[in-house]
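Fold and contact review
Chain by chain, the residues run as shown.
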Amino acid sequence: MSVASSYNLIVIGAGIGGYTAAIRASQLGARVLVVEKAEIGGTCLNRGCIPTKAFKATADMLDNLQRLKEFGLSGDIKIHTDIKQIVRRKNTVVSELVKGVEFLFKSHGVTVKHGSATFLSKNKIRLTSGDGRQDILESNRFIIATGSAPGDLPGIKTDGRFVLTSDDILNIDTLPKRLIIIGAGVIGTEFAFIFRSMSVDITLLELMPRALPSEDEDVSKLITRSFKKAGIKLKTEAIVTHVEVKDRQVDVFLENGEVVSGDMVLVSIGRKINTADLGLEGIGIKLSKKKEIVVDEFLSTGVDELYACGDVIGGKMLAHAAYRESITAVENLLERKKQTVNYNAVPSAIYSTPEAASVGLTEQSAVEKGLKIKIGRFPYRALGKAKAFSETDGEVKIIADVDTDRILGMHIVGSNATDIIAQGVMAIQNELTAHALAGTIAAHPTYSEAVMEAAEDALSIAIHQPRK
Ligand code: NAI
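Just so it is clear, the structure is predicted and the values come from calculations on it, not from any experiment.

1. Digging into helix α1 (residues 16-27)
- Across its 12 residues, α1 extends 16 Å between first and last C-alpha, which sits within 8% of the 16 Å expected from 1.5 Å per residue.
- Across the 12 residues that make up α1, a large majority, 10, are buried.
- Where α1 is concerned, the buried positions are Ile16, Gly17, Gly18, Tyr19, Thr20, Ala21, Ala22, Ile23, Ala25 and Ser26.
- Two residues or fewer after α1 comes glycine 29, characterised by a positive phi angle close to 95 degrees.

Below, the structure written as structure tokens:
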């Protein structure tokens, strides 16, 4: 066991929260060490946002091939879906991005050590590497960004072969004929569309009365319509009691007596927080019931110079939220700033078909808050670009305050929703009004026009809408 000299800052975890914090700290002049027990890049790069998007790219290509005739193309094209090649391509995309982060660490002078960290005191950790070697590392300042992992369903054991987590499904070597997905949240919805495009029979089992239950109800409705159109079966209020694997078949038993059979089951019912084995309680860091690190609005744990960011603090468990939190935390820590994260302006981006994205309040939460709201909508089918590209499913919905005209929320289902939501983020972050959005000039023909027109609709002055 060796004791290494002090660093100005040790960051635990090299996911998007950790690596961003380390680079910003180095830009601020700190001598930074990052410790990581698995891969650089964490969930987002290795098992989340990026690999799923590599799968989605294949799925979209397959969807487009279905429409060749409509677009005036014909010919004999025989398609074979080679899941091994899809996984290989995904691995290449991932490894290039991981190398990119490693390059950034080098370029910014950030030191990386591999191993599992446990706090021995407020300024000392023990790092245990895979071969059992232990190092004691010291610093006065720490940022904890250890993230999250796929959550378990009590009584159901994943085996990586028939009953899978979202990590496992990214490395399968045969495509199932029938896939059952437990949980129609963000992960379940994305994989449902991806594998449906690869001709897999999909059944989604959702506990709540609707898919994507935390999204605006209109988003759920539109995506549920898209499930139907794609031939994805959705069972809501489905209470799974247990799962049985027999003769290469998986049976999922529901409380109402129904049995759903398939070749594989994906469990995507939320994520659990990575705080076990860090020795946090021993140094006075408070954990919530869900084992999230409790932080104040400045992302301090309240224990000396220990801050935390990303999935490990719960809340909006999204890569881009982790990114903003990490910069906020590190600047507060090293520069004694008192910055906070505007969580209301954190967008969500769901890679369904078509995409869905939102920011700010849902209609339901605005009403619950007692706000007087007005709603503007613009359907994709009224957009020139959407018509030209045959991408006419979806709409932009804007929620604005009746008294102040301020934009409170934006919810988009439709092609490129995950990109054009940036306008909603800009509006909410900068407290813009519906008049301000309606007065912008959207390039024509673009999907962005739907945002401008939805803002006009909230003011009852949309040009491309019938008189109300
Ligand atoms: P989630 O919270 O989005 O969805 C879990 C779903 O499972 C919910 O609809 C819930 O009602 C349902 N559920 C819970 N227990 C169940 C049960 N026993 N039986 C059936 N259904 C059950 O969690 P998910 O999809 O696992 O994603 C985890 C996290 O990762 C989320 O925070 C999500 O926002 C994030 N993520 C974000 C993505 C994006 O922004 N594009 C992509 C993937 C994940």
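2. Structural notes on the packing of aromatic side chains
- Applying the stated criterion to the full structure yields 5 aromatic pairs.
- Ring geometry for phenylalanine 193 against phenylalanine 227: centres 5.1 Å apart, planes inclined by 20 degrees, an arrangement best described as stacked. You can see phenylalanine 193 sitting in helix α5 (residues 186-197) and its partner phenylalanine 227 sitting in helix α6 (residues 217-230), a full 34 residues away along the chain.
- Ring pairs connect the aromatic residues Phe55, Phe191 and Phe195, which therefore count as one cluster.
- Stacked on the ring of phenylalanine 298, the Lys or Arg lysine 338 has its end atom at 4.6 Å from the ring centre.
- When the ring centre of phenylalanine 389 is taken as reference, the NZ or CZ atom of lysine 385 above it lies at 5.5 Å.

3. Examining the sheet that holds strand β22 (residues 373-379)
- Sheet architecture is open: 5 strands sit in the order β20-β21-β24-β23-β22, paired in antiparallel fashion. On the outer flanks of this sheet lie β20 (348-350) and β22, each paired with one strand and no other. Averaged over neighbouring strand pairs, the angle between their axes works out to 10 degrees when direction is ignored.
- Here strand β21 (residues 356-360) runs beside strand β24 (residues 407-413); their pairing, made up of 5 bridges, is antiparallel.

4. Quick look at the pairing of strand β15 (residues 249-254)
- Taking burial as the measure, the 6 residues of β15 include 5 buried ones, the bulk of the element.
- Two strands pair when backbone bridges link them, and strand β14 (residues 240-246) and β15 are joined in this way by 6 bridges, in the antiparallel orientation. Residue pairing for β15: histidine 242 is matched across the bridge by phenylalanine 253.
- Of the strand pairs in this sheet, β15 and strand β16 (residues 259-262) are connected by 4 bridges, and their pairing is antiparallel. For valine 252, the partnering residue across the bridge sits in β16 and is valine 260.

5. Some thoughts on the site of the ligand
- Taken together, 20 residues surround the ligand, and among them Ile187, Glu190, Glu206, Gly270 and Ala349 come closest.
- Valine 186 is positioned such that a nitrogen or oxygen atom in its backbone is 3.2 Å from an oxygen atom of the ligand.
- At a separation of 3.2 Å, a nitrogen atom of the ligand approaches a polar backbone atom of leucine 207.
- Summarising the interface, the protein chains cover 78% of the accessible area of the ligand, which totals 830 Å² for the free molecule.
- A per-element tally of the shell around the ligand places α5 first, with 3 residues.

6. Let's talk about the sheet that holds strand β11 (residues 178-182)
- Taken in spatial order, the 5 strands line up as β10-β17-β11-β12-β13 in an open sheet, and their pairing is parallel. Bordering the open sheet on either side are β10 (163-164) and β13 (233-235), each of which pairs with just one other strand.
- Across the sheet, α5 touches β11, β12 (201-205) and β17 (264-267), and the angle it forms with β12 is around 165 degrees.

7. Focus: the state of the cysteines
- Taken as a whole and judged by the stated rule, the model has 0 disulfides.
- Cysteine cysteine 309 remains unbridged, with the sulfur of cysteine 44 as its closest cysteine sulfur at 14 Å.
- Assessed through its relative accessible area of 1%, cysteine 309 is described here as buried.

About the thresholds
- Residues numbered from 1 in each chain as written.
- Predicted model: local features only at pLDDT ≥ 70, side-chain atom pairs only at ≥ 80, totals over all residues.
- Heavy atoms only, no water.
- Helix = DSSP H or I, 4+ residues; strand = E, 2+ residues; numbered from the N terminus.
- Expected span 1.5 Å × (residues − 1).
- Buried < 20%, exposed > 50% of the residue type's maximum accessible area, 1.4 Å probe, protein only.
- Phe/Tyr/Trp six-rings, centres within 6.5 Å; stacked < 30°, edge-to-face > 60°.
- Lys NZ or Arg CZ within 6 Å of the ring centre and 35° of its normal.
- Pairing = 2+ DSSP bridges.
- Axes fitted to C-alpha atoms, helices over the stretch in contact; angles between N-to-C directions.
- Near = heavy atom within 4 Å.
- Polar contact = N/O pair within 3.5 Å; in protein donor to acceptor, adjacent residues only side chain to side chain.
- Areas by Shrake-Rupley, 256 points an atom, 1.4 Å probe, with all protein chains shown as cover.
- Contact = heavy atoms within 4.5 Å.
- Disulfide = S-S within 2.5 Å.

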